Amino acid sequence: FRTPLTLVLGPLDDLLRDTRGRLTEAVRAHLQLAQRNARRVLDLIVELLDVNRLEQGQLPLRIGVHDLAALLRRIADENAPLVERYGQSLQLDCPAAGAPARIDPAQIERCIVNLLSNAAKYSPRGSEMVLALRRDTRHWRIDVRDQGRGIAPEALPHVFDRFFQTEDSDQASGYGIGLSLVREIALAHGGDVQATSELGVGSCFSLRLPADDATTAA
């Protein structure tokens, strides 16, 4: 699947780059739409492959001791434009002091960005999202809270299932493979991920990761 998609993206990239200023706005918009969707399909294929590798213990993690608070601050800054594009605001709530944890920062960032993207996608304009970091006895807990439409109680246990889809009154909503990937990455770190939700109020996805108090975070 990746090879033909790459062969689709190559000509699209070349057209958009080499014909800059010579295309009508309508043609450029159509080409950009095709480019975005081809890249999205390619990203989904990579996610699906990574889920399979994680399930089989074949995706290597680059584990080290890192500061979760610093990681969340950077992610919040970099993803603020995404949230604003959906017409929402993002509130960061995390300790100023270090939050050491043994993680692969690239994979944990992947989890958080996925959760933020889902929250933005399913929340109304003008609502607020919260990215929070808290500590319990042995874990750091990263919460992504939204004020979206919520998830039905019967659907909630299945949101981390691959390709799960639920029927809403107005449209079909699917959670694809992103949340399945979040779960597999959490488990590979010795943590977990949970979801709570109330219809018409919002949802909270909580990623728990083992804390590391023995060393200083990078």
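In case you missed it, the structure is sitting above this.
Residues numbered from 1 in each chain as written. Predicted model: local features only at pLDDT ≥ 70, side-chain atom pairs only at ≥ 80, totals over all residues. Heavy atoms only, no water.

(A) View of the overall build of the protein. Helix and strand counts for the protein stand at five helices and nine strands. Of the regular secondary structure in the protein, the N- to C-terminal order runs α-α-β-α-β-β-α-β-β-β-β-α-β-β. As presented, the protein carries roughly 11900 Å² of accessible surface, and 52% of it is formed by carbon and sulfur atoms. (Helix = DSSP H or I, 4+ residues; strand = E, 2+ residues; numbered from the N terminus. Areas by Shrake-Rupley, 256 points an atom, 1.4 Å probe, with all protein chains shown as cover.)

(B) Region of the structure containing helix α3 (residues 68–85). Its 18 residues place the ends of α3 26 Å apart at the C-alpha level, agreeing with the 26 Å of an ideal helix rising 1.5 Å per residue. By the largest-angle criterion, N79 marks the main kink of α3, which is about 45 degrees, and a proline, P81, follows within four residues. All of the buried residues in α3 are L68, A69, L71, L72, I75, A76, N79, L82 and V83. Among the residues of α3, the N-terminal cap falls to D67, whose side-chain oxygen and the backbone nitrogen of A69 are separated by 3.0 Å. Two residues or fewer past α3, G87 is found with a positive phi of approximately 80 degrees. (Expected span 1.5 Å × (residues − 1). Bend = angle between axes of the 7 residues up to and from the residue. Buried < 20%, exposed > 50% of the residue type's maximum accessible area, 1.4 Å probe, protein only. Polar contact = N/O pair within 3.5 Å; in protein donor to acceptor, adjacent residues only side chain to side chain.)

(C) Summary view of the nonpolar core. Judged by nonpolar contacts, the single largest core of 42 residues is most densely connected at L68, I108, I112, L133, I142, F205 and L207. Counting residues per element, the ones that place at least two in this core are α3, β3 (100–103), α4 (105–121), β4 (128–135), β5 (139–145), α5 (178–188), β8 (192–198) and β9 (202–210). (Core = buried A, V, L, I, M, F, W, Y, C linked by side-chain atoms within 4.5 Å.)

(D) Molecular detail of the packing of α3 against α4. Between α3 and α4, whose axes approach to 11 Å, the crossing angle comes to 40 degrees. With respect to each other, α3 and α4 are oriented oblique. At the point where α3 passes α4, the crossing takes the right-handed sense. Between α3 and α4, the residues in contact are L68, L71, L72, R74, I75, E78, N79 and L82 and P105, I108, E109, I112, V113, L116 and S117, respectively. Residues of the contact of α3 with α4, tallied by class, amount to ten nonpolar, two polar and three charged. (Axes fitted to C-alpha atoms, helices over the stretch in contact; angles between N-to-C directions. Parallel < 35°, antiparallel > 145°, perpendicular 65-115°, else oblique. Left-handed = near helix turned anticlockwise from the far one by under 90°. Contact = heavy atoms within 4.5 Å. Nonpolar A, V, L, I, M, F, W, Y, C, P; charged D, E, K, R; others polar.)

(E) Structural view of the pattern of salt bridges. If you walk through the whole model with that rule in mind, you get ten salt bridges. In this structure, E109 and R74 form a salt bridge, with 2.8 Å as the shortest nitrogen-oxygen distance. Taken together, the residues E109 in helix α4 and R74 in helix α3 connect sequence positions 35 residues apart. For R74, a relative accessible area of 34% gives the class partly exposed. (Salt bridge = Lys/Arg side-chain N within 4 Å of Asp/Glu carboxyl O.)

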